[in-house]
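# What the coordinates show
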Amino acid sequence: MAKEITPRSEDYSQWYLDIVRKARMADTSPVRGCMVIKPHGFAIWEKMRDALDAMFKETGHVNAYFPLFIPKSFLSKEAAHVEGFAKECAVVTHYRLKNDPNGGGVIVDPEAKLEEELIVRPTSETIIWDTYKNWIQSYRDLPLLINQWANVVRWEMRTRPFLRTAEFLWQEGHTAHASSEEAMQETRLILDIYARFAEEYMAMPVIKGIKTENERFAGADETFCIESLMQDGRALQAGTSHFLGQNFAKAFDVQFLNKENQLEHVWATSWGVSTRLVGGLIMTHSDDEGLVLPPKLAPVQVVIVPIPKPAPGLMETAEKIAAQLRARSISVKLTMMSKTARASNSPNTK
Amino acid sequence: MIGVPVRLGLGQRDIDAGQIEVARRDTREKNNVPLDTVVDHVAQLLDDIQANLFNRAKAFRDAHITPADSWEEFEQILETKGGFISAHWDGTTETELAIKERTKATIRCIPVDGPAEAGKCVLTGKPSTQRVLFAKAY
């Protein structure tokens, strides 16, 4: 089994792809740059999601959901933002197909052209701040501490499963505050949550830092990040937390009446981590034999196997141990059935 | 293969001897453990594995943060060792991009816990107040 994994010393990139394939975490997609996340890969992502979601909720955040499509005009309202994302946007231009009158199969119906094109969200600041305009009037409406779990699309040319894909899953937090200080506190709070999650759950050490102006998020005044190091000596940006200042509030005209009864633009943050973390997890711990997972994120923590084959009393002992482990919230898988027993229990033979 | 941290191997001979084989994935070590203490043992082992993976990754990461005080050193570390290079930078986008152009390394971050330290930019020799971390990145 292990021989089918290319050693790291020989070809690190291929080693990574071999691990993903052998551990049945992801599959290729007919659409270049996209991936199918298989059950085992998704189970790891679910564990990450659950842990992070709990940490967000403990700190007062709530979940909501905003639309996948963003009117094209929204994107250009914040100048730096559109410049950063324009080159990788997927655009919806039509809403209907029809049969080709010349018999060429299905074609886009030219009659069904959208008046305004829609962008498939690369990130949701614009649509969310357009919405916040209706939600925020006074300092009593603040802070807004909202997160969403969603998919986004960035048309990447060079992709790699989990680490960089055109469509990926993530969470994006978007908060609104009454003061610059409070928004900066939120930015730092999330940075600390990300670092704690990476180190305590992923067992992946990270360095907390600030991005240079050149590497900053398009539309942010300051971008904080956690950076980790992979086994081939290359760094991985594992999460970012942005202090957005009043940039999006100004672009979408979101003002509030402060305690002094003055109109003021709202202060903002946004922050996200994605399925890229699964790639970082694989690259941080795995070896030439295959995937290595930290117990806190392993969908199965303990497997019990018979050596060399099941015998009377073995099943009972194994099940007793499994039950005791489960009572301690340890996830256990039993692979105790013989081949014949398994065959007679399989749905195909019934 | 799918990364299960602990495997328990149970055979008739083990049961007769009142023990069970415990194998950990991270170090690939195997031990025989008495059946009546195996649950405690496994619960502790999972914590140990979690800690070991972190410590192992941290030791690797820490061993791959290398200071560079000259351009020659910078290039040499990047070519031979890789990892993070801790170096002074003059604070301009121009220099940052020039370094990226020459080496493909980018400034990963200005560490928030980094100490203030006067120095000279590794490329231009202009004054700097804090080291930043460079690396080739995914």
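Residues numbered from 1 in each chain as written. Chains lettered and ligands numbered in written order. Predicted model: local features only at pLDDT ≥ 70, side-chain atom pairs only at ≥ 80, totals over all residues. Heavy atoms only, no water.

## What to know about the packing of aromatic side chains
What the rule picks out here adds up to 16 aromatic pairs over all chains. Geometrically, the ring pair formed by F66 of chain A and Y132 of chain A is edge-to-face, given 6.5 Å between the ring centres and 75° between the ring planes. Of this pair, F66 of chain A sits in the loop between β3 (62–63) and β4 (69–71) while Y132 of chain A sits in helix α5 (residues 125–135), and the two are 66 residues apart along the sequence. The residues F66 of chain A and Y132 of chain A share a single accessibility class, namely buried. Ring centres of F74 of chain B and F134 of chain B lie 5.1 Å apart, and the angle between their planes is 85°; this geometry places the pair in the edge-to-face category. With F74 of chain B in helix α3 (residues 71–80) and F134 of chain B in strand β8 (residues 127–135), the pair connects residues that are 60 residues apart, well separated along the chain. (Phe/Tyr/Trp six-rings, centres within 6.5 Å; stacked < 30°, edge-to-face > 60°. Helix = DSSP H or I, 4+ residues; strand = E, 2+ residues; numbered from the N terminus. Buried < 20%, exposed > 50% of the residue type's maximum accessible area, 1.4 Å probe, protein only.)

## Looking at unusual backbone geometry
Residue and element names in this part refer to chain A. In this model, L142 is joined to P143 through a cis peptide bond whose omega is -5°. Summarising the element assignment, P143 is placed in the loop between α5 and β9 (144–153). Look at N261: it is not a glycine, yet its phi comes out positive at around 65°. With respect to the secondary-structure elements, N261 resides in the loop between β14 (255–257) and β15 (263–265).

## Quick look at the sheet that holds strand β3 (residues 30–34) of chain B
Overall, mixed pairing links the 5 strands, which are arranged β18(A)-β17(A)-β1(B)-β2(B)-β3(B) in an open sheet. Two strands bound the open sheet, and with one partner strand each, they are β18 (332–334) of chain A together with β3 of chain B. Each neighbouring strand pair of the sheet contributes to a mean axis angle of 25°, computed without reference to strand direction. Note: strand β17 (residues 302–306) of chain A against strand β1 (residues 6–10) of chain B, 5 bridges, orientation parallel. When the bridges of β1 of chain B are listed, I304 of chain A appears paired with L8 of chain B. Running at roughly 165° to β18 of chain A, helix α9 (residues 314–327) of chain A makes contact with β17 and β18 of chain A together with β1 and β2 (19–24) of chain B of the sheet. On the sheet, helix α2 (residues 38–63) of chain B packs against β17 of chain A together with β1, β2 and β3 of chain B and is oriented at approximately 10° with respect to β2 of chain B. (Pairing = 2+ DSSP bridges. Axes fitted to C-alpha atoms, helices over the stretch in contact; angles between N-to-C directions. Contact = heavy atoms within 4.5 Å.)

## Focus: a nonpolar patch on the surface
Residues and elements named next belong to chain A. A grouping of V31, W155 and M157 is seen on the molecular surface, where their side chains present a nonpolar patch of about 320 Å² in accessible area. By the element assignment, M157 lies in the loop between β9 and β10 (167–177). Take M157: its relative accessible area is 55%, and that puts it in the exposed class. (Patch = residues over 30% accessible without salt bridge, like charges linked within 9 Å, V, L, I, M, F, W, Y side chains within 5 Å. Areas by Shrake-Rupley, 256 points an atom, 1.4 Å probe, with all protein chains shown as cover. Salt bridge = Lys/Arg side-chain N within 4 Å of Asp/Glu carboxyl O.)

## Focus: the sheet that holds β4 of chain A
Residues and elements named next belong to chain A. Strand order in this open sheet of 3 strands is β4-β8-β5, and the pairing throughout is antiparallel. Looking at which strands have only one partner, the edges of the open sheet turn out to be β4 and β5 (91–94). Ignoring which end each strand starts from, the neighbouring axes of this sheet average 40° apart. Bridge analysis of β5 against strand β8 (residues 113–120) gives 3 bridges, and the strand direction is antiparallel. Looking across to β8, one finds that H94 is bridged to K113.

## Some remarks on the side chain of S124 of chain A
Residue and element names in this part refer to chain A. If you trace the backbone, S124 turns up in the loop between β8 and α5. With a relative accessible area of 0%, S124 lands in the buried category. Within the structure, S124 has its side chain in polar contact with the side chain of Q148 (distance 3.2 Å). Setting aside residues no more than four positions away along its own chain, S124 makes contact with Q148, E172 and H174. (Polar contact = N/O pair within 3.5 Å; in protein donor to acceptor, adjacent residues only side chain to side chain.)

## Quick word on the confidence of the model for chain A
Scored by pLDDT, chain A has a mean of 93; 94% of the residues are at 70 or more. Contacts from residues 338–350 of chain A, a stretch scored under 50 in pLDDT, to residues over four places away or in other chains number 7 contacts. (pLDDT = per-residue confidence, 0-100.)

## A look at helix α2 (residues 39–58) of chain A
Residue and element names in this part refer to chain A. Between its first and last C-alpha atoms α2 spans 28 Å; for 20 residues at 1.5 Å apiece the expected length is 28 Å, and the two agree. For α2, the full list of buried residues reads H40, G41, A43, I44, W45, M48, A51, L52, D53, M55 and F56. After α2 finishes, the residue G60 shows a positive phi value of roughly 90°. (Expected span 1.5 Å × (residues − 1).)

## So, the packing of α2 of chain A against helix α6 (residues 180–200) of chain A
Residue and element names in this part refer to chain A. Interhelical geometry of α2 versus α6 gives an angle of 145° and a closest axis separation of 11 Å. The interaxial crossing formed by α2 with α6 has right-handed handedness. Seen from α2, the contacting residues are M48, A51, L52, M55 and F56; seen from α6, they are I193, Y194, R196 and F197. Looking at the contact of α2 with α6 residue by residue, the classes come out as 8 nonpolar, no polar and 1 charged. (Left-handed = near helix turned anticlockwise from the far one by under 90°. Nonpolar A, V, L, I, M, F, W, Y, C, P; charged D, E, K, R; others polar.)

## Quick notes on α6 of chain A
Taking 1.5 Å of rise per residue, 21 residues should cover 30 Å, and α6 of chain A covers 30 Å from first to last C-alpha, within 8% of that figure. Every buried residue of α6 of chain A is accounted for by A183, E186, T187, I190, L191, I193, Y194, A195, F197 and A198 of chain A.

## Observations concerning the interface of chain B and chain A
Each partner contributes to the interface: chain B provides 55 residues, whereas chain A provides 71 residues. In total, chain B and chain A occlude about 5300 Å² of area from one another, counting both sides; carbon and sulfur atoms represent 64% of this. Summed over the shared surface of chain B and chain A, the result is 4 salt bridges. We note a salt bridge from R25 of chain B to D287 of chain A, for which the minimum N-O separation is 2.7 Å. Breaking the side of chain B that touches chain A down by element, the ones donating at least two residues are β1, α1 (12–17), β2, α2, α4 (93–103), β6 (106–111) and β8 of chain B. In terms of residues, the side of chain B that touches chain A owes the most to one element, α2 of chain B, which gives 15 residues. (Buried area = accessible area lost by both parts, 1.4 Å probe.)

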